[in-house]
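The primary structure of each chain is shown beneath.
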Amino acid sequence: MQFRVSVPLSGTDATTPAAQVIMPADLPPVPVFPPAAGVRRRPLGLLELTAESPLPDIPVETNLGIITDTEEPLESVVARKWDQAPTETPTPGDTEMWELYNFTEDAHPIHIHEVLFQVVNRQALDKETGVPVLTPSAPSPSENGYKDTVIAYPGEVTRVQLKFGSIPGRFVWHCHIVDHEDNEMMRPYQVGAPDPAQPPDRGV
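Reading the values: the criteria
Residues numbered from 1 in each chain as written. Predicted model: local features only at pLDDT ≥ 70, side-chain atom pairs only at ≥ 80, totals over all residues. Heavy atoms only, no water. Helix = DSSP H or I, 4+ residues; strand = E, 2+ residues; numbered from the N terminus. Contact = heavy atoms within 4.5 Å. Buried < 20%, exposed > 50% of the residue type's maximum accessible area, 1.4 Å probe, protein only. Salt bridge = Lys/Arg side-chain N within 4 Å of Asp/Glu carboxyl O. Phe/Tyr/Trp six-rings, centres within 6.5 Å; stacked < 30°, edge-to-face > 60°.

Asker: Would you mind showing me how to read the overall build of the protein here?
Answerer: Helix and strand counts for the protein come out as two helices and 10 strands. Put simply, the protein runs from its N terminus to its C terminus through helices and strands in the order β-β-α-β-β-β-β-β-β-β-α-β. Dimensions of the protein, computed from the C-alpha atoms along their principal axes, are close to 65 × 45 × 35 Å. Residue pairs in contact within the protein that sit at least 24 positions apart in sequence constitute 72% of those at least 6 positions apart.

Asker: How should I be thinking about the environment of Thr-89 in this particular structure?
Answerer: When you line up the elements, Thr-89 lands in the loop between strand 3 (77–80) and strand 4 (95–102). Under the relative-accessibility criterion, Thr-89 is labelled partly exposed at 42%. Linking Thr-89 and Asp-69, residues 20 residues apart in sequence, is a C-alpha distance of 18 Å.

Asker: Would you take a moment to explain the pattern of salt bridges for this structure?
Answerer: A pair can form between side chains of opposite charge whenever their charged atoms are brought close. All chains considered together, the criterion is met by five salt bridges. With a closest N to O distance of 2.7 Å, Arg-41 and Glu-99 form a salt bridge. In this pair, Arg-41 is assigned in strand 1 (residues 40–50) and Glu-99 in strand 4, connecting sequence segments 58 residues apart. A relative accessible area of 45% means that Arg-41 is categorised as partly exposed.

Asker: Quick question: what am I supposed to make of unusual backbone geometry here?
Answerer: Negative phi is the rule for most residues except glycine; trans is the rule for most peptide bonds. Even without being a glycine, Leu-134 presents a positive backbone phi close to 65°. As for its position among the elements, Leu-134 is in the loop between strand 6 (116–124) and strand 7 (149–152). The exposure class of Leu-134 is exposed, given its relative accessible area of 68%.

Asker: Whenever I open this one, the packing of aromatic side chains confuses me. Can you help?
Answerer: A full pass over the atoms with the stated rule returns six aromatic pairs. Seen from their ring centres, Phe-171 and Tyr-189 are 5.7 Å apart, and the 50° between their planes marks the pair as tilted. In this pair, Phe-171 sits in strand 9 (residues 169–175) while Tyr-189 sits in strand 10 (residues 186–191), placing the two residues 18 residues apart along the sequence. Overall, the relative accessible area of 19% leaves Phe-171 in the buried class. Taking the relative accessible area as the measure of exposure, Tyr-189 reaches 0% and is therefore buried.

Okay, structure coming up:
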């Protein structure tokens, strides 16, 4: 695909080279977040609940949740529902590492509202324990730069580094598959202190 802009420039365009054919090496470098010392890591779980009858092993609900012990991720993951209070509560301006442990059979496009992030790496999970194993793999070239959605593949932990803005508020993160996000795979997160005027949380 090629875009041809016919409107004359009002000033000097220093963002792209003057060559007719633009190669990746000609483009400006992709901006990266500087490594944050002591960045908070949040291990988070992607889960599916299955039916016991009449058709066992059929997914009936998808969930997001928290992992309370990274030494035993599968044993310590706790599912959370949409109407329960946020468990992700960064401070405005914070940088965090979210680790998305996908314990399901599906690839989930995870979308995090009101924040940009960078994909750090992915790592295979042990099927019995959920502990990361093997060497982490780098993101694909298409995942360079700032993102608001990342695909979390099954049997892997996907790590993203987020830089939160200075404005507090209540936002959401969720799977972008509509059948999943409408079936409990959506959670609120809270940046900074809650607004006293917002409705109270119904769950704990």
